[in-house]
Amino acid sequence: MGWTARLVGAAMAALIVATPALADALIDNVDGIALDRDGKVIHFTGLLLTPEGRITKLLGDHDKRPDKLDWRTDMHGKVMLPGFIDAHGHIMDLGFRSMEVDLSDTHSLAEAKAKIAAYVAANPDRKWIIGGGWNQELWGLGHFPTAADLDSVVSDRPVVLDRIDSHAVWVNSAAMKAAGITASTKAPAGGQIVDGVFVDTAKRLIEKALPQPLARERDVAFIKAQQLLLSNGITATDDMRTTLPDWLTIRRAGDAGNLRMRIVSYADSIETANLTAGNGPSPWLYDGKLRMVGVKVFADGALGSRGACLKAPYADDPKNSGSCLLSDDQLRNTMSRAAMDGFQVAVHAIGDKANAEVLSAIDALSDTYKGDRRWRIEHAQIVDPADLPKFAEHGVIASMQPIHAVSDMHMAEARLGPDRLAGAYAWKSMLDNHVPLAFGSDYPNDDFNPFHGWAAAFTRQDANDLPFGGWQPQQAITREQAWRAYTQGAAYASFSEEQYGTLAPGEWADFIIVDTDPTFASPGQLRNIKVEQTWVGGRMMWARGQGQGDADRGGDTR
Ligand SMILES: [Zn+2]
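I will try to describe carefully the structure that is included in this document.

1. Remarks on the coordination of the zinc ion
On the protein side, the zinc ion has His-88 (NE2), His-90 (NE2) and Asp-442 (OD) as donor atoms, found 2.1 to 2.2 Å from it. As a motif over one chain, the donors of the zinc ion read H-x1-H-x351-D. In this pair, His-88 sits in strand β5 (residues 84-89) while Asp-442 sits in the loop between β18 (437-439) and α15 (450-459), placing the two residues 354 residues apart along the sequence. Taking relative accessible area as the criterion, His-88 reaches 0% and is therefore assigned buried.

Structure representation (structure tokens):
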């Protein structure tokens, strides 16, 4: 720096000193409940913020409030909690799903058909009928639905419906025709075609024919998804498999000042990661609201569609052990390429064999890629108990979804049989083995209300308190441990623990106002907790009854 620059610098410094420091802001009279860094419940009654929206201090009843405040608001004793963090979701899928036909609440094929027919009638201009959320297990069908089932409802337009786990699509004859599928079309390796249902890699045959959404449709979908997440008390999320168009959509929202929550992206490929972030994770953009930090890799499919890669055959399909999508070498090469550029690697692994392969790949790569890598395994649903200690050896994060245990329990027992459930959805075993646990929901593939997931994590019961005593109850964790995984654990999983997750000084003031104290609520009460306000960076971004907040500090300002 030359002397002129130094002089200007000195003048600037003098200027800053001469300006009276901006006073803090205070959110007062709250029933504040959070966890400290050791996971213990703490209480506070006021939150002091910097003008930028970072936390200066948590105040107790007896702490004196500063005299000079830039701004203050009175919460009238309402319950304040740290915002939830969903460690695994698909933000654009959530947005599109909210605009498409949603079958996730249907309980029979007949009900699904009626819902599709109603949607088709209500959307006469849609050239393609797109949707998802179906689960033949919930329909008691015993097999996949067929193209003929769909043809009986819609024959003039293509229909493409994603299974609840996104590992299969169900289509009608018009869709197959549009995609050029004939009776002689063979499923690619790692996929299956079953009478109108395209499983795992076979999905590509259909998806390549789908019309691409327009930029403005993507923008609408993003805003819808953001609204849904904020209204459920989620202030930050990891976005898994961010594509280039996804990233550009979020950037457009950020450029327009419409980014209201924090998103950490895991690219769908190393190419996307390089194109968006360069040779390594991006900086935080838009006041800490967006960052590209890693790459998502797939090791196998899902349990429901029997695509999860197992060490022994499926109990209900003895000739099938699922499919590991990459060879050992391919998996290592992909992970190595991402790690070489300093990107974090998050690998989807559901079956015990897939988990073992990823763990051994991490073991092999750890000699080369040292330091704080925070390798992540997404889902880690079925882990051979013998492999559990390997997580802690390299600090591998288990990024799991508690709500999956209650939505999957009957299916998982059918797929695995009773003897192989010891390492299934094994949150307690993970913690006992000192594995960092991060919770999320895998939205839109499952219910993303964090209070539902939280209750599932310590009860192992569904919304009807079933089964009695909980499913595999030895894997239940405590209420506080579950809360921690949904906040601090999820923040740690994306290298964001200094930004959010604890409501500690220095972090962003990302919090929610709710109607009930979750630490004393029964599981039923906990599931019913309503979020009243969602604040991100000290600004109200959503309030019940007002729809989208005005991105301003609400309350009685002065
Ligand atoms: Zn996912």
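2. Side note on the sheet that holds strand β14 (residues 290-298)
Strand pairing in a sheet relies on backbone hydrogen bonds. The paired strands run either parallel or antiparallel. Overall, parallel pairing links the eight strands, which are arranged β5-β12-β13-β14-β15-β16-β17-β18 in an open sheet. Among the strands making up the open sheet, the edge pair consists of β5 and β18. Recorded for the sheet is a direction-independent mean angle of 25° between the axes of neighbouring strands. As defined by bridge partners, β5 adjoins strand β12 (residues 234-242) across four bridges and the pair is classed as parallel. When the bridges of β12 are listed, Ile-85 appears paired with Ala-236. Against the sheet, helix α10 (residues 328-340) makes contact with β14 and β15 (344-349), and its axis sits at roughly 150° relative to β15, the strand it touches most.

3. Quick word on the packing of aromatic side chains
Working definition: an aromatic ring pair is given by the centre-to-centre distance plus the angle between the planes. Summed over all chains, the structure comprises 16 aromatic pairs. One aromatic cluster is present, formed by Phe-84, Trp-427, Phe-439, Phe-451, Trp-454, Trp-483 and Tyr-486 through successive ring pairs. Geometry around Trp-134 places Arg-163 over its ring, the cationic atom sitting 6.0 Å from the centre. A cation over an aromatic ring shows up here: Arg-374 above the ring of Tyr-492, its NZ or CZ 3.9 Å from the ring centre.

Rules used throughout
Residues numbered from 1 in each chain as written. Predicted model: local features only at pLDDT ≥ 70, side-chain atom pairs only at ≥ 80, totals over all residues. Heavy atoms only, no water. Donors = N, O, S within 2.8 Å, 3.2 Å for Na, K, Ca; no water. Helix = DSSP H or I, 4+ residues; strand = E, 2+ residues; numbered from the N terminus. Buried < 20%, exposed > 50% of the residue type's maximum accessible area, 1.4 Å probe, protein only. Pairing = 2+ DSSP bridges. Axes fitted to C-alpha atoms, helices over the stretch in contact; angles between N-to-C directions. Contact = heavy atoms within 4.5 Å. Phe/Tyr/Trp six-rings, centres within 6.5 Å; stacked < 30°, edge-to-face > 60°. Lys NZ or Arg CZ within 6 Å of the ring centre and 35° of its normal.

Any functional reading would require information that these geometric values do not contain.
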